[in-house]
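Structural characterization, general
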Amino acid sequence: MNNDQLQQTLGGPVVFGTPRRMGIRGRFWKSAEAHLWCADCTRTFPNGVARLVESRPACPYADCESFIGTRAYLWSEVRARHPLYPQHPNMAVQYACPPWSKPYQYPGSVRQGA
């Protein structure tokens with residue numbers, strides 16, 4: 001998928017940057033994961049892709065306003081709660097993960113089992 005196709009899938013312009021690394025309870029930083037999951041729109045996106053909202057990195061989907069620093073989770077954390085979810089998630093598919101996610105259906109998304 002090239003940059004134009006990615007921006008079309010996400011619904012607007014995005015910023016490409018360095019993938020985020022997240023620490024685990026005092027341990028060394030783990031390597032950056034390939035995908036992050038947004039708790040507000042319940043969709044995944046490539047790590048390192050974001051939109052800038054109020055000069056802060058936000059979920060790259062144009063219809064979601066959540067900030068990555070507070071509402072994005074590693075895909076491996078979501079899969080730990082739902083082991084039947086795929087190892088490599090599909091974009092624009094909603095993957096519910098209670099209690100982190102809200103029960104909102106975003107237009108154009110396909111909802112997977114809860």
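The structure under discussion appears in the preceding block.
Cut-offs used in this document
- Residues numbered from 1 in each chain as written.
- Predicted model: local features only at pLDDT ≥ 70, side-chain atom pairs only at ≥ 80, totals over all residues.
- Heavy atoms only, no water.
- Core = buried A, V, L, I, M, F, W, Y, C linked by side-chain atoms within 4.5 Å.
- Buried < 20%, exposed > 50% of the residue type's maximum accessible area, 1.4 Å probe, protein only.
- Contact = heavy atoms within 4.5 Å.
- Helix = DSSP H or I, 4+ residues; strand = E, 2+ residues; numbered from the N terminus.
- Polar contact = N/O pair within 3.5 Å; in protein donor to acceptor, adjacent residues only side chain to side chain.
- Salt bridge = Lys/Arg side-chain N within 4 Å of Asp/Glu carboxyl O.
- Pairing = 2+ DSSP bridges.
- Phe/Tyr/Trp six-rings, centres within 6.5 Å; stacked < 30°, edge-to-face > 60°.
- Axes fitted to C-alpha atoms, helices over the stretch in contact; angles between N-to-C directions.

Now for the nonpolar core. Ranked by internal contacts, the top residues of the largest apolar core, which has 15 residues, are Phe45, Cys59 and Tyr61. If near-sequence neighbours (up to four positions away) are discounted, Cys59 is found in contact with Cys38, Cys41, Phe45, Arg51, Cys64, Ser66 and Ile68. Listed in part, the eleven residues of the second largest apolar core include Trp37, Ala96, Cys97 and Trp100.

Here we come to the environment of Tyr95. Mapped onto the elements of the fold, Tyr95 is located in the loop between β7 (93–94) and β8 (110–111). Sequence separation between Tyr95 and Trp37 is 58 residues; the distance between their C-alpha atoms is 8.5 Å. At 3.1 Å, the side chain of Tyr95 and the backbone nitrogen of Asn90 are in polar contact.

Moving on: the pattern of salt bridges. Under the counting rule described, the total for this entry stands at three salt bridges. For Glu65, the salt bridge identified is with Arg51, shortest N-O distance 3.9 Å. Separated by 14 residues along the polypeptide, Glu65 in the loop between β5 (56–58) and α2 (68–71) and Arg51 in strand β4 (residues 49–53) bring together distant segments of the chain. A relative accessible area of 11% places Arg51 in the buried class.

Most of β4 sits out of view: four of its five residues are buried. The pairing of strand β1 (residues 15–16) with β4 spans two bridges and is classified as antiparallel. Counted as the bridge partner of Val15 is Ala50 from β4. Two elements, β4 and β5, share three bridges in a ladder whose sense is antiparallel.

Glancing now at the packing of aromatic side chains. Counted under the stated rule, the structure contains six aromatic pairs. Ring geometry for Trp37 versus Trp100: centroids 6.0 Å apart, planes at 50°, classification tilted. Taken as a pair, Trp37 in strand β2 (residues 35–38) and Trp100 in the loop between β7 and β8 lie far apart in primary sequence, 63 residues in all. Take Trp37 and Trp100: they sit in the same class, and that class is buried. Three or more aromatic residues joined by ring pairs make a cluster, and in this case those are Trp37, Tyr73 and Trp100.

Next up on the list: the sheet that holds β5. Read across the open sheet, the three strands follow the order β1-β4-β5; overall the sheet is antiparallel. Of all strands in the sheet, those bounded by a partner on one side alone are β1 and β5.

What follows concerns the sheet that holds strand β6 (residues 72–74). Pairing in this open sheet of three strands is antiparallel, and the strands run β3-β2-β6 from one edge to the other. Strands at the two margins of the open sheet, each flanked by one partner only, are β3 (44–46) and β6. Taken over all neighbouring pairs, the strand axes of this sheet differ in orientation by 40° on average, direction set aside. Of the pairings in the sheet, the one linking β2 to β6 comprises three bridges and is antiparallel in character. Within β6, the position partnered with Cys38 by the bridge is Ala72.

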